[in-house]
Amino acid sequence: METNPTYEARISALEAALREAENKAQKYAQEIEKLRQQYADDLFAERQLAKRLHEDRHQLQLDYERLRVQKGGFGLKAMALFGFGGFLSALVLCILYLLIRPKDDHTASFTRFRDANQFRYELAISEGRFEEVEKNLLQNQNLPENKLIQPEIEFARKMVGAAKRRCEGE
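Notes on the structure in this doc start here. Please read these numbers as outputs of a predicted model, since none were measured by experiment. (Residues numbered from 1 in each chain as written. Predicted model: local features only at pLDDT ≥ 70, side-chain atom pairs only at ≥ 80, totals over all residues. Heavy atoms only, no water.)

Quick word on a nonpolar patch on the surface
Part 1 of the reasoning: A cluster of nonpolar side chains, namely Phe 84, Phe 87, Leu 88, Leu 91, Val 92, Leu 93, Ile 95, Leu 96, Leu 99 and Ile 100, defines an oily patch on the protein surface of about 1,000 Å² accessible area.
Part 2 of the reasoning: In this fold, Phe 87 is placed in helix α2 (residues 76-100).
Part 3 of the reasoning: Among the residues examined, Phe 87 registers a relative accessible area of 51% and is labelled exposed. (Patch = residues over 30% accessible without salt bridge, like charges linked within 9 Å, V, L, I, M, F, W, Y side chains within 5 Å. Areas by Shrake-Rupley, 256 points an atom, 1.4 Å probe, with all protein chains shown as cover. Salt bridge = Lys/Arg side-chain N within 4 Å of Asp/Glu carboxyl O. Helix = DSSP H or I, 4+ residues; strand = E, 2+ residues; numbered from the N terminus. Buried < 20%, exposed > 50% of the residue type's maximum accessible area, 1.4 Å probe, protein only.)

So, the nonpolar core
Part 1 of the reasoning: Of all hydrophobic cores here, the largest spans 9 residues; its members are Phe 113, Tyr 121, Ala 124, Phe 130, Val 133, Leu 137, Ile 149, Ile 153 and Val 160.
Part 2 of the reasoning: Broken down by secondary-structure element, the contributors of at least two residues to this core are α3 (105-126), α4 (130-141) and α5 (150-169).
Part 3 of the reasoning: Ignoring sequence-local partners within four residues, the contact set of Ile 149 consists of His 106, Ser 109, Phe 110 and Phe 113. (Core = buried A, V, L, I, M, F, W, Y, C linked by side-chain atoms within 4.5 Å. Contact = heavy atoms within 4.5 Å.)

Quick look at the packing of aromatic side chains
Part 1 of the reasoning: For the structure on display, the rule yields 2 aromatic pairs.
Part 2 of the reasoning: Judged by centre distance (6.3 Å) and plane angle (55 degrees), the rings of Phe 113 and Tyr 121 are tilted. For the pair Phe 113 and Tyr 121, one class covers both residues: buried.
Part 3 of the reasoning: Taken together, Phe 110, Phe 113 and Tyr 121 form an aromatic cluster joined through their ring pairs. (Phe/Tyr/Trp six-rings, centres within 6.5 Å; stacked < 30°, edge-to-face > 60°.)

Re α5
Part 1 of the reasoning: Taking 1.5 Å of rise per residue, 20 residues should cover 28 Å, and α5 covers 28 Å from first to last C-alpha, within 8% of that figure.
Part 2 of the reasoning: Packing partners of the buried residues in α5 comprise α3 and α4. (Expected span 1.5 Å × (residues − 1).)

Focus: α3
Part 1 of the reasoning: With 22 residues, α3 should cover 32 Å at 1.5 Å per step; its first-to-last C-alpha distance of 31 Å lies within 8% of that length.
Part 2 of the reasoning: At Asn 117, α3 shows its largest bend, some 45 degrees.
Part 3 of the reasoning: Within the sequence span of α3, burial applies to Ser 109, Phe 113, Asn 117, Tyr 121 and Ala 124.
Part 4 of the reasoning: Buried residues along α3 sit against α4 and α5.
Part 5 of the reasoning: Two residues or fewer after α3 comes Gly 128, characterised by a positive phi angle close to 85 degrees. (Bend = angle between axes of the 7 residues up to and from the residue.)

As for the side chain of Asn 117
Part 1 of the reasoning: Of note, Asn 117 is situated in helix α3.
Part 2 of the reasoning: Exposure remark for Asn 117: the relative accessible area of 6% places this residue in the buried category.
Part 3 of the reasoning: Not counting the four nearest positions on each side in its chain, Asn 117 is found in contact with Asn 136 and Asn 140.

Side note on the pattern of salt bridges
Part 1 of the reasoning: Taken as a whole and judged by the stated rule, the model has 9 salt bridges.
Part 2 of the reasoning: Put simply, Glu 131 and Lys 164 hold a salt bridge, and the shortest N to O gap is 3.9 Å. One end of the pair, Glu 131, is in helix α4; the other, Lys 164, is in helix α5, and 33 residues separate them in sequence.
Part 3 of the reasoning: Here Glu 134 ties to Lys 164 by a salt bridge, and the two come within 3.4 Å at their closest N and O atoms. In this pair, Glu 134 is assigned in helix α4 and Lys 164 in helix α5, connecting sequence segments 30 residues apart. Neither Glu 134 nor Lys 164 differs from the other in exposure class; each is buried.
Part 4 of the reasoning: A single salt-bridge network, built from bridges that share partners, covers Glu 127, Arg 129 and Glu 132.

Side note on the packing of α4 against α5
Helix-helix packing is described using two parameters, namely the angle between the two axes and the distance between the axes.
Part 1 of the reasoning: Packing of α4 against α5 brings their axes to within 9 Å, and their N-to-C directions diverge by 165 degrees. Comparing the axis directions of α4 and α5 gives the class roughly antiparallel. For the pair α4 and α5, the crossing hand works out as left-handed. Where α4 abuts α5, its residues Phe 130, Glu 131, Val 133, Glu 134, Leu 137, Leu 138, Asn 140 and Gln 141 lie against Gln 150, Ile 153, Glu 154, Ala 156, Arg 157, Val 160, Gly 161, Ala 163, Lys 164, Cys 167 and Glu 168. (Axes fitted to C-alpha atoms, helices over the stretch in contact; angles between N-to-C directions. Parallel < 35°, antiparallel > 145°, perpendicular 65-115°, else oblique. Left-handed = near helix turned anticlockwise from the far one by under 90°.)

This is how it looks when you write it as structure tokens:
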């Protein structure tokens, strides 16, 4: 069996094309590997840069806090802490004041006196019974529970006396 020269030429051309295709495939595989390595290197460098930037920012923040303390200022955290502490202290003091504040006995005593006697006094004055009101005011002035409001009762008694004299003078 003899081979045809055209087949041989064709086979050798195909073999040459195959070798060339294998060379190109190997070259492309090397280029892909080189690009993968370059991408990995770039990604690693980017991560390193981000890490370094984060560390630099953290270091700048620490340096700023140290500088503020050195210059006599307070850092933001310290200011927030003191503000919160002041708020809690004020809250505790307000609660303590509300619990142990001095009671206004004078006002409470006068309110009791007014609630007990005001209507009767107004009625008696409108009917012209001034002596009855003066006498009752004098009695109430000497009671121990009205000790705190004696000046107010004395004032009311003098006002009733003045009104009585005014009505008698007419």
